[in-house]
Amino acid sequence: MKVLAEAFESVTWTESHEQTVAEVPAEDWYAFAEAAKDAGFEVCVDVTAVDWMRQRPKRFEVVANLLSMKDKQRLRMVTGLDRQDPTVASITPIWPGVGFAEREVYDMFGIVFEGHPDLTRILMPDEWEGHPLRKDFGVGSVPVQFKESHKVN
Amino acid sequence: MTAEEKTLDIWVAGTEEPEFSPTDEGEQEFSDSESEDRLADQYGRVIDDDYVFDDEVADDERMVVNMGPQHPSTHGVLRLQLEMEGEVIRRTKPIIGYLHTGMEKTAEQLTFSQGPTNVTRMDYLAPLHGELAYSLAVERLLDVEVPPRAAAIRILMTELNRVSSHLVALATNGMDIGALSMMIYGFRERESILAFFEKTTGLRMNHNFIRPGGVAADLPPGWKDDVSAILKDMPERMEQYDDLLRNNPIWLARTEGVGVITAEEATAYSITGPALRATGVDWDIRKAFPYSGIDQYEFDVPVGENGDVYDRYRVRVEEMHESLKIVEQVMDSMPKGDYRVGDRKITPPPRARIDESMEALIHHFKLFTEGFKVPAGETYVAVESPRGELGCYLVSDGNATPYRMHTRAPSFYNLQALPIAMGDSLVADTIATIASMDPVMGDVDR
């Protein structure tokens, strides 16, 4: 962790409920991930995202949970992405296991991972429009047949 | 004939010279020995699933076969595209999403106290683990400590759930390979645990029993007798299954050396749970990041060697014995006290108090109409589910509903490793490998 802090001055380190969080600028995402793997975080447990809408200057936040089995330590790396161009480097070359997770984030948030071998929709149908977990994607409703008949006039 | 000569053949004088770019095909051919490239692939430094076909294989020898989504051996609605050369699988592509119901979006509409009803439907074979991960995440954001009895009940229930989930894994594993009697026995034993769950929680699955702030109800009268009966019968019965499967040469031939995953591949592909431990990696969330006071009980973490279907089976059987050991210790040392926190801002008051106290009525009304507010913040909590690391990433912005709830589903990641486990294996081994990874499609698609 110390090595990482020295190598990346652009990274802000915070604590959140006894867990270490590294806020990484989007351009350092890949380099930081690579350095983290060399520093002992051999597993990338999970990749996900949060849509902050207007609550934060950067709308999207990509979150990756790293794990060091040897030191029994977790590290969360997060990066903010602009609403116009939510693009970040894919970390699949470092951890091939996040391939599905990055596809899910792309599917649900429309965040593009550059360098992902197969960035396609994974959970939603291929012809689906929009990205469901964005906050501006309405929950919607399905018209129910015969609903009118329950109304008493 | 070199490539340049070939282009000269079709170039007509007087026309523009065609641009020729050499492809990188041919560089990716597999070799018999472990080359640098292959090792890099295994260690997860590069992804290389592009199999370059041998030109000598006739065209009609290759085919793409769709397996699922409506196939009895895919454990739900999993669809696999198998690219085969004769009977050998060269490439596999899992296609998922057939059971996607948008539970992470639903979680944003439900209050924190309604949340467990949602997460319990994800991994429907281990519903209590989903509830536990969610509740622990909410409690960490609230900075609440549950009473010792609540923590002990949680461990008792989740460890019994692990046994019942592994029993299904064993049962379906046997059934898929042809040991049909195993299916009947496995489900019979699971029934005894589900009966106890029904008595305690009111439901056989989707319990909504573990809630933020404790558990929904205290253990029913006579619970010790029920648990003792399970503890007495189970080891004896499990011995019988071991005899049934381990002494069965057909079953052994179909599992040993099949669907092998190495330890390097397992860590590179974020595999967790019994599938990871079968490769020889000693990793268990219960030991590394103990939750709910599980560190006060004694148990071992069984580890395999070869990472094949047989080892995954063996690890599961050993884990069931360890879980029963924990259940026995919890039963003997069950602390007295309340089964949920006394803070009425989080847990509802007892029903009798509502008739007597205005305060209690207000608390009850507020809790069930708008729920409780959770301080802003985010956290990641993981528990060891029967399938691996079940994590809950919870973000709150200070309201009564989560701003974002993400579940790190173990089946989702384990499923991703199917192409590696099945590379260059026979098509008949496909279902053995799927069954040994024990994916629950509700967990995969969420």
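About the criteria used
Residues numbered from 1 in each chain as written. Chains lettered and ligands numbered in written order. Predicted model: local features only at pLDDT ≥ 70, side-chain atom pairs only at ≥ 80, totals over all residues. Heavy atoms only, no water. Helix = DSSP H or I, 4+ residues; strand = E, 2+ residues; numbered from the N terminus. Buried < 20%, exposed > 50% of the residue type's maximum accessible area, 1.4 Å probe, protein only. Contact = heavy atoms within 4.5 Å. Areas by Shrake-Rupley, 256 points an atom, 1.4 Å probe, with all protein chains shown as cover. Buried area = accessible area lost by both parts, 1.4 Å probe. Salt bridge = Lys/Arg side-chain N within 4 Å of Asp/Glu carboxyl O. Polar contact = N/O pair within 3.5 Å; in protein donor to acceptor, adjacent residues only side chain to side chain. Nonpolar A, V, L, I, M, F, W, Y, C, P; charged D, E, K, R; others polar. pLDDT = per-residue confidence, 0-100. Core = buried A, V, L, I, M, F, W, Y, C linked by side-chain atoms within 4.5 Å. Axes fitted to C-alpha atoms, helices over the stretch in contact; angles between N-to-C directions. Parallel < 35°, antiparallel > 145°, perpendicular 65-115°, else oblique. Pairing = 2+ DSSP bridges. Phe/Tyr/Trp six-rings, centres within 6.5 Å; stacked < 30°, edge-to-face > 60°. Lys NZ or Arg CZ within 6 Å of the ring centre and 35° of its normal. 1 Å grid on protein atoms, 1.4 Å probe; cavity = no way out; pocket = protein on both sides within 12 Å on 5 of 7 lines; lining within 4 Å. Points joined across faces, edges and corners; volume = space filled by probe spheres on them.

A. Quick look at the overall build of chain A. Along the backbone of chain A there are 3 helices and 7 strands. Helices and strands appear in chain A in the N-to-C order α-β-β-α-β-β-β-β-α-β. By residue count, 50% of the 153 residues in chain A fall in the buried class. Summarising the internal contacts of chain A: among those between residues at least 6 apart in sequence, 49% fall at separations of at least 24.

B. The overall build of chain B, seen in detail. Of regular secondary structure, chain B possesses 19 helices and 8 strands. Scored against the burial criterion, the 446 residues of chain B give a buried share of 55%. Within chain B, contacts between residues at least 6 apart in sequence are counted, and of these 69% link residues at least 24 apart. As presented, chain B carries roughly 19,200 Å² of accessible surface, and 50% of it is formed by carbon and sulfur atoms.

C. Up close: the interface of chain B and chain A. Contact with chain B, which involves 45 residues of that partner, is made by 51 residues of chain A. Both faces combined, the contact of chain B with chain A buries some 3,900 Å², and carbon together with sulfur accounts for 56% of it. Taken as a group, Lys105(B), Tyr380(B) and Tyr403(B) account for 16% of the area that chain B buries against chain A, more than any other trio of residues on that side. If you look at where chain B meets chain A, you find 5 salt bridges. Its salt-bridge partner being Lys93(B), residue Asp118(A) comes within 3.8 Å of it at the nearest N-O pair. On inspection of chain B and its partner chain A, the count reaches 23 residue pairs in polar contact (both at pLDDT 80 or more). Broken down by class, the residue content of the side of chain B that touches chain A amounts to 22 nonpolar, 9 polar and 14 charged.

D. Representation of the side chain of Asp107(A) in the model. Residue and element names in this part refer to chain A. Within the secondary structure, Asp107 sits in helix 3 (residues 99-109). Residue Asp107 is classed as buried on the basis of its relative accessible area of 0%. In this view, Asp107 contacts Arg121, Ile122, Leu123, Met124, Gly130, His131 and Pro132; residues no more than four positions away in its chain are not counted.

E. Just the pattern of salt bridges, in detail. Enumeration over the complete set of coordinates arrives at 36 salt bridges over all chains. Notably, a salt bridge pairs Arg76(A) with Glu378(B), separated by 3.2 Å at the nearest N-O pair. Of this pair, Arg76(A) sits in strand 5 (residues 73-81) while Glu378(B) sits in strand 6 (residues 377-385), each in a different chain. Exposure remark for Arg76(A): the relative accessible area of 1% places this residue in the buried category. Given a relative accessible area of 18%, Glu378(B) falls into the buried group. Ionic pairing is found between Glu159(B) and Arg162(B), a salt bridge with its closest N-O pair at 3.0 Å. Placement of the pair is Glu159(B) and Arg162(B) together in helix 6 (residues 148-177), with a separation of 3 residues, close to one helical turn. No difference in accessibility class separates Glu159(B) from Arg162(B), as the two residues are buried.

F. Summary view of unusual backbone geometry. All names here are of chain B. A positive phi angle is found at Ser270, which is not glycine, with a value near 55°. Mapped onto the elements of the fold, Ser270 is located in the loop between helix 10 (263-268) and helix 11 (274-277). Even without being a glycine, Asp438 presents a positive backbone phi close to 50°. Inspection of the secondary structure assignment puts Asp438 in the loop between helix 18 (430-437) and helix 19 (441-445).

G. View of the confidence of the model for chain B. Residues and elements named next belong to chain B. Mean pLDDT over chain B: 83, with 86% of residues reaching 70 or higher. pLDDT under 50 marks residues 1-8. Its contacts with residues more than four places away, or in other chains, come to 4 contacts. Of the regions scoring below 50 in pLDDT, residues 22-31 engages in 5 contacts with residues more than four places distant in sequence or in other chains.

H. Structural view of the nonpolar core. Of all hydrophobic cores here, the largest spans 153 residues; its most connected members are Phe32(A), Val47(A), Ile91(A), Ile111(A), Ile96(B), Phe196(B) and Leu394(B). Ranked by the residues each element gives to this core, the list is headed by helix 6 of chain B, at 10 residues. Setting aside anything within four residues of it in sequence, one finds Phe196(B) in contact with Leu156(B), Met157(B), Leu160(B), Leu219(B), Trp223(B), Asp226(B), Val227(B) and Ile230(B).

I. Highlighting the packing of helix 7 (residues 180-201) of chain B against helix 8 (residues 223-246) of chain B. All names here are of chain B. Packing of helix 7 against helix 8 leaves a shortest axis separation of 11 Å and a crossing angle of 170°. Taken together, the axes of helix 7 and helix 8 are roughly antiparallel relative to one another. Together, Ser181, Met182, Tyr185, Arg188, Glu189, Ser192, Ile193, Phe196 and Lys199 of helix 7 and Trp223, Asp226, Val227, Ile230, Met234, Arg237, Tyr241, Leu244 and Leu245 of helix 8 make up the contact between the two elements. Tallied by class, the residues present in the contact of helix 7 with helix 8 amount to 11 nonpolar, 2 polar and 5 charged.

J. Summary view of the sheet that holds strand 3 (residues 43-51) of chain A. Residue and element names in this part refer to chain A. Read from one edge to the other, the open sheet built from 5 strands follows the order 1-2-5-4-3, with strand pairing classed as mixed. The sheet is open, and its two edges are formed by strand 1 (12-16) and strand 3, each paired on a single side. Adjacent strand axes in the sheet meet at a mean angle of 25° when their direction is disregarded. Relative to strand 5, strand 4 (residues 60-68) is paired through 9 bridges, and the arrangement is antiparallel. Of the residues in strand 5, the one forming a bridge with Val63 is Val78.

K. Representation of the environment of Val144(B) within the structure. Residue and element names in this part refer to chain B. By the secondary structure assignment, Val144 is in the loop between helix 5 (127-142) and helix 6. Separated by 69 residues in sequence, Val144 and Gly213 place their C-alpha atoms 7.3 Å apart. Beyond its immediate stretch of four places on either side in the chain, Val144 contacts Glu139, Val341 and Ile346.

L. Layout of the packing of aromatic side chains. Tallied over the full model, the rule gives 10 aromatic pairs over all chains. Judged by centre distance (4.8 Å) and plane angle (15°), the rings of Trp52(A) and Tyr403(B) are stacked. Taken together, the positions of Trp52(A) in the loop between strand 3 and strand 4 and Tyr403(B) in the loop between strand 7 (388-396) and strand 8 (404-408) put the pair across two chains. With a relative accessible area of 6%, Trp52(A) lands in the buried category. Here the aromatic cluster, defined as three or more aromatic residues joined through ring pairs, consists of Phe100(A), Phe412(B) and Tyr413(B). For Lys135(A), the ring lying beneath its charged end belongs to Tyr403(B), and the centroid distance is 4.0 Å.

M. Local environment of empty space enclosed by the protein. Residues and elements named next belong to chain B. Tallying each qualifying case throughout the model produces 2 cavities of 30 Å³ or more. Roughly 60 Å³ of volume is contained in the largest cavity. Lining the largest cavity are Val119, Met122, Gly130, Ala133, Tyr134, Leu390, Gly391, Cys392, Met405 and Thr407. Elements represented by at least two residues in the lining of the largest cavity include exactly helix 5, strand 7 and strand 8. Of the residues that constitute the lining of the largest cavity, the class distribution is 7 nonpolar, 3 polar and no charged. The calculated volume of the second largest cavity comes to roughly 40 Å³. Taken together, Tyr124, Leu125, Pro127, Asn161, Ser164, Arg190, Leu194, Phe197, Arg204, Met205 and His207 make up the full set of residues lining the second largest cavity. Mapped by element, the contributors of at least two residues to the lining of the second largest cavity are helix 6 and helix 7. A class-by-class count of the residues in the lining of the second largest cavity yields 6 nonpolar, 3 polar and 2 charged.

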